[in-house]
Structures are given as C-alpha cells and as structure tokens.
Amino acid sequence: MLKKVIISGIVFSSILLVGCNDEEVTDITITENGENDENLSPENIFFEELKDEISVAIKEQTAIEADSMMIDGDFKELSVSVGFLKDVKVDDTLIKQIVKDSIKKVSETENVTISEDNITIKIEKY
C-alpha cells in the first residue's frame, strides 16, 4: 500500500513539474468584435477606423454597396488600396478624394499626424 502511494506521489509530482517548465504563456483576450488584444495596436485601430470611414463615405457619396468593394492597405507604408468589382463604374478622382478626406478625418479623430505627400492610393478592379 505504501509503495502505491509513493509511486502515485512520484507520478503526480512528475506531471506537475513537466507542466511548470518556465514556458511563456501568452494571454490572449478576445474582445466583443472577435479580435484579440494583440491586433489592437494603435496602428491597427487607426487602420480599422480608416477602413470603416472610407467604406461609409464611398457608400454615401457614390451609392456603391460595401459588399462590392474591398479596402486594404498598410499603415507603415501609408498606402490604401480600394478594390471594386469589375462591373462597378467608378470615378477614380472622386474615390481618391474620398480616401484623402477619410484619412484626414480619422487622423484628426485619432490624433495622428500624416503627411498627404507620403500617402499612396490605389484603385483596383477585381
């Protein structure tokens, strides 16, 4: 009986020690919108706000539905890409102006300084 208790104690201790081998544990908290905290850097927050603003502005000013456009880009490269379905007629000049106005609006809201000279805007068809 004592032998079983000692063996059980050794097995339990071994399992406990293996589980505590100084591995770094990353706590990822899922927010209400399904994103985790790692994705909520200031750059990502800015870009998500910008994509929302561009989408709403394009829909309001051109009546193009959000499901027929795709917005992507890179904060570090200061580039924004707006893609539309091939059959959607788009005024490139108007879209570029909407994107510039949206960048200005979101940068003021988020207190981010962005030079318009460094922004690349691409309008694509897919």
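Predicted, not measured: the structure shown is a model, and the values here were computed from it.

Chemist: Would you explain a negative patch on the surface in this entry?
Modeler: On the surface, a cluster of negative charge is made up of Asp 72, Asp 74, Glu 77 and Glu 124. Along the polypeptide, Glu 124 turns up in strand β3 (residues 120–125). Classification of Glu 124 as partly exposed rests on a relative accessible area of 37%.

Chemist: Looking at this structure, I do not really get the confidence of the model for the chain. What am I missing?
Modeler: Regions with low pLDDT carry predicted coordinates that are not meant to be interpreted in detail. Mean pLDDT for the chain: 78, with 71% of residues reaching 70 or above. With pLDDT under 50 throughout, residues 22–31 is counted as low confidence; its partners more than four residues away or in other chains account for 10 contacts.

Chemist: I would appreciate a short explanation of unusual backbone geometry in the present structure.
Modeler: A negative phi angle characterises most non-glycine residues, just as the trans form characterises most peptide bonds. The residue Ala 63 is not glycine, and still its phi comes out positive at about 65°. You can see Ala 63 is positioned in the loop between α2 (42–62) and β1 (69–74). The class of Ala 63 is exposed, set by a relative accessible area of 61%. Phi is positive for Asn 111, close to 55°, though the residue is something other than glycine. With respect to the helices and strands, Asn 111 occurs in the loop between α3 (92–109) and β3. Looking at Asn 111, the relative accessible area reads 71%, which means it is exposed.

Chemist: How should the pattern of salt bridges be read in this particular structure?
Modeler: Pairs can form between side chains of opposite charge once their charged atoms are near each other. This structure, assessed with the given rule, holds 3 salt bridges. Measuring nitrogen to oxygen at the nearest pair gives 3.4 Å for the salt bridge that ties Glu 48 to Lys 51. Of this pair, Glu 48 and Lys 51 both sit in helix α2, 3 residues apart, which is roughly one turn of that helix. Under the relative-accessibility criterion, Glu 48 is labelled partly exposed at 33%. Between Lys 105 and Glu 53 there is a salt bridge, with its nearest N and O atoms 3.5 Å apart. Linking Lys 105 in helix α3 with Glu 53 in helix α2, this pair joins segments that are 52 residues apart in sequence. For Lys 105, a relative accessible area of 46% puts it in the partly exposed group.

Cut-offs applied
- Residues numbered from 1 in each chain as written.
- Predicted model: local features only at pLDDT ≥ 70, side-chain atom pairs only at ≥ 80, totals over all residues.
- Heavy atoms only, no water.
- Patch = residues over 30% accessible without salt bridge, like charges linked within 9 Å, V, L, I, M, F, W, Y side chains within 5 Å.
- Areas by Shrake-Rupley, 256 points an atom, 1.4 Å probe, with all protein chains shown as cover.
- Salt bridge = Lys/Arg side-chain N within 4 Å of Asp/Glu carboxyl O.
- Lys, Arg positive; Asp, Glu negative; His and termini not counted.
- Charge placed at Lys NZ, Arg CZ, Asp CG, Glu CD.
- Helix = DSSP H or I, 4+ residues; strand = E, 2+ residues; numbered from the N terminus.
- Buried < 20%, exposed > 50% of the residue type's maximum accessible area, 1.4 Å probe, protein only.
- pLDDT = per-residue confidence, 0-100.
- Contact = heavy atoms within 4.5 Å.

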